[in-house]
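Chain and residue survey
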Amino acid sequence: RRSSGLLGLSAALVASPVQAKSKAAAAAKPKAAPAELKWMDGPPGLPAGATFAVLSGDPGKAGKFTVQIKMPPNYQVPAHWHPSDEHLTLVSGKLSYGMSDRLDRAGAKQLAEGASVTMKAKEHHWVLTGDGATVQVSAMGPFQITYVDPSTDPRGAAKPKP
C-alpha cells in the first residue's frame, strides 16, 4: 500500500475552458501503456473501493508524483484537505466535487472529462462519483489526507484541523 491521501479538487479552474481541456488532455496521457500499469488497492487514507496506479514518482516520498485513481460507482471521499497543492484531471467517467467542510450533493459541481482543477494546500474539499470515474492526480509528496470531521476518516484516527 502507498501513502495516504491521493485525491483532492479545487474550484480554481485553469484560465479558460479551451486551455483547461488542452492542458488536461496532455496531462491525462498515461506515462505507461494501460496494460503496464500496476493497479493496487487504494491507500488507507481513502475509503475502501478505490484502486490506484503510480505513473511517476512515489506519493510516500518527497518530490513530485503522478497517480491515476479508479473510483467505483457512488464513491465518496468526505471533506478533507492536503498539506500541498494537488492537480486533478478527470480521465473518464463522472465526478462531482465541492469546496466546503461537509459533502453537499445539492451544491456539487461537475467536472467534465479532460478538465482539470487545482486544489490549494489546506483547502477543504470533497468528491463523489455517479457511475464511477478515473482521475489523474499530480502533487508533491509525501502526500497526506486529513479529514475535516475525524469521524469520517476511514483510518479511524483523529487528525487536527489546519
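Higher on the page you've got the structure.
Every chain is numbered independently, its residues counted from 1 as its sequence is written. Only residues with pLDDT of at least 70 get local features here, since the model is predicted, and only at 80 or more are side-chain atom pairs given and counted; chain-wide, interface and lining totals rely on the full set of residues. By convention in this description, side-chain values take in all heavy atoms of the structure and omit both hydrogens and water.

Attention shifts here to the overall build of the protein. The helix and strand labels rest on DSSP assignments: H or I over at least four residues marks a helix, E over at least two residues marks a strand, and numbering proceeds from the N terminus. Broken down by element type, the protein carries one helix and 10 strands. Traced from its N-terminal end to its C-terminal end, the protein shows the element sequence β-α-β-β-β-β-β-β-β-β-β. Here, residues are in contact when the closest pair of their heavy atoms is within 4.5 Å. A sequence separation of at least 24 residues applies to 77% of the contacts in the protein between residues at least 6 apart. Note that accessible areas follow from Shrake-Rupley with a 1.4 Å probe, and for residues the cover is restricted to the protein chains shown. For the protein, the exposed area adds up to about 7,800 Å²; of that, 54% sits on carbon and sulfur atoms.

Secondary-structure assignment places histidine 82 in the loop between β5 (76-81) and β6 (86-98). A distance of 2.8 Å separates the side chain of histidine 82 from the backbone oxygen of glutamine 144, its partner in a polar contact. Polar contacts, as counted here, are pairs of nitrogen or oxygen atoms within 3.5 Å of one another; within protein the pair requires one atom able to donate a hydrogen and one able to accept it, and residues that are adjacent in sequence qualify only if both atoms are side-chain atoms.

Before going further, it helps to spend a moment on the pairing of β5. It is a general feature of regular strands that their side chains alternate between the two faces of the sheet. Of all six residues making up β5, five are buried, and the element is well covered by its neighbours. Here, a strand pair is defined by DSSP locating no fewer than two bridges between the strands. Where β5 meets strand β9 (residues 125-141), three bridges bridge the pair, whose relative direction is antiparallel. What sits directly across from glutamine 76, in β9, is leucine 128. Taken together, the two bridges between β5 and strand β10 (residues 146-147) define a ladder with antiparallel strand orientation. Each residue of the ladder has a partner; that of histidine 80, found in β10, is tyrosine 147. In this scheme, a residue with accessible area under 20% of its type's maximum is buried, one over 50% is exposed, and one in between is partly exposed, where area comes from a 1.4 Å probe on protein chains only.

What follows concerns the pattern of salt bridges. Salt bridge, as used here: a side-chain nitrogen of Lys or Arg that lies within 4 Å of a carboxyl oxygen of Asp or Glu. For the structure on display, the rule yields two salt bridges. Residues lysine 120 and aspartate 85 are paired through a salt bridge, measuring 3.8 Å at the closest nitrogen-oxygen approach. Here the residue lysine 120 occupies a position in the loop between β8 (116-119) and β9, and aspartate 85 occupies one in the loop between β5 and β6, the gap between them amounting to 35 residues. Overall, the relative accessible area of 43% leaves lysine 120 in the partly exposed class. Note on aspartate 85: relative accessible area 30%, which makes it partly exposed. For the salt bridge of arginine 155 with aspartate 153, the shortest nitrogen-to-oxygen distance reads 2.9 Å. Residue class for arginine 155 comes out partly exposed when judged on its relative accessible area of 28%. Classification of aspartate 153 as buried rests on a relative accessible area of 5%.

For β9, the tally of buried residues reaches 14 of 17 residues, placing the bulk of the element in the interior. In this sheet, β9 lies alongside strand β4 (residues 63-71) in antiparallel orientation, the contact comprising nine bridges. Bridge pairing links methionine 71 to alanine 133 in β9.

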